[in-house]
Amino acid sequence: MSSAERHAHDSDDSVGALVTRASQQLSELVREEMQLARAEMTAKGKRFGVGGGLFGGAGLTGFLAAQALTGAGIAAVALLLPLWASALIVAAVLAAAAAVMAMVGKKQIANAGPPVPGQTVDSVKADVAEIKEKTQR
């Protein structure tokens, strides 16, 4: 084997070794990043769980406060009218408020459009088209 052939053969071996080592390092890096992501998401999940529980407790407490306020409103109107009439008036006011909120909410949902992330879909389509274009060159 001539020196040029030996050098070309050694060069092929070193390139192959470099490719193998790079592949192994990339694989190891991806594994480590996945472990880090898993650990981070576990910690975040715990915080979200605690936060969600606290929000649930706040919602329940707020609901109980609204019931107490409704009772106080009925008692206040009952100073002027019979108890049954004051309860009926407060119930009618609450029903009207609920109807108004439902109509406004329905309008907001209608104005929001379909529940699809349109910009993201368009962006992904553009990315796919660009990748296809570059691979066809």
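Residues numbered from 1 in each chain as written. Predicted model: local features only at pLDDT ≥ 70, side-chain atom pairs only at ≥ 80, totals over all residues. Heavy atoms only, no water.

Moving on, we get to the overall build of the protein. Tallying secondary structure elements over the protein gives three helices and zero strands in all. Listing every helix and strand of the protein by position from the N terminus yields α-α-α. Looking at the protein as a whole, 2% of its 137 residues qualify as buried. Roughly 11,700 Å² of accessible area belongs to the protein as shown, and the carbon and sulfur atoms make up 69% of that amount. (Helix = DSSP H or I, 4+ residues; strand = E, 2+ residues; numbered from the N terminus. Buried < 20%, exposed > 50% of the residue type's maximum accessible area, 1.4 Å probe, protein only. Areas by Shrake-Rupley, 256 points an atom, 1.4 Å probe, with all protein chains shown as cover.)

Our next topic: the side chain of Ser86. Along the chain, the position of Ser86 falls in helix α2 (residues 83-112). The class of Ser86 is buried, set by a relative accessible area of 0%. Polar side-chain contacts of Ser86 include one of 3.2 Å to the backbone oxygen of Ile74. The residues contacting Ser86, other than those within four sequence positions of it, are Ile74, Val77 and Ala78. (Polar contact = N/O pair within 3.5 Å; in protein donor to acceptor, adjacent residues only side chain to side chain. Contact = heavy atoms within 4.5 Å.)

Turning our eyes to something else, we now look at α2. The end-to-end C-alpha separation of α2 is 43 Å, in line with the 44 Å expected for 30 residues at 1.5 Å each. When we look at burial in α2, the residues that qualify are Ala85, Ser86 and Val90. Backbone geometry just downstream of α2 places Gly113 in the positive-phi region, at approximately 85°. (Expected span 1.5 Å × (residues − 1).)

Our next topic: the confidence of the model for the protein. Overall, the prediction assigns the protein a mean pLDDT of 85, with 88% of residues at 70 or greater. The secondary structure element of the protein with the lowest average pLDDT is helix α3 (residues 118-136), at 77, and the one with the highest is α2, at 93. (pLDDT = per-residue confidence, 0-100.)

Our next topic: a nonpolar patch on the surface. Taken together, the side chains of Leu79, Leu80, Leu81, Ile89 and Val93 define a hydrophobic patch exposed on the protein surface, amounting to about 550 Å² of accessible area. On the secondary structure map, Leu80 appears in the loop between α1 (3-77) and α2. (Patch = residues over 30% accessible without salt bridge, like charges linked within 9 Å, V, L, I, M, F, W, Y side chains within 5 Å. Salt bridge = Lys/Arg side-chain N within 4 Å of Asp/Glu carboxyl O.)

Let's shift gears to the pattern of salt bridges. A complete count under the given rule lists one salt bridge for this structure. Taking the shortest distance from any N to any O, the salt bridge between Lys44 and Glu40 comes out at 3.7 Å. Taken together, the residues span about one helical turn, with Lys44 and Glu40 both in helix α1 at a distance of four residues. When its relative accessible area of 34% is taken as the criterion, Lys44 is described as partly exposed.

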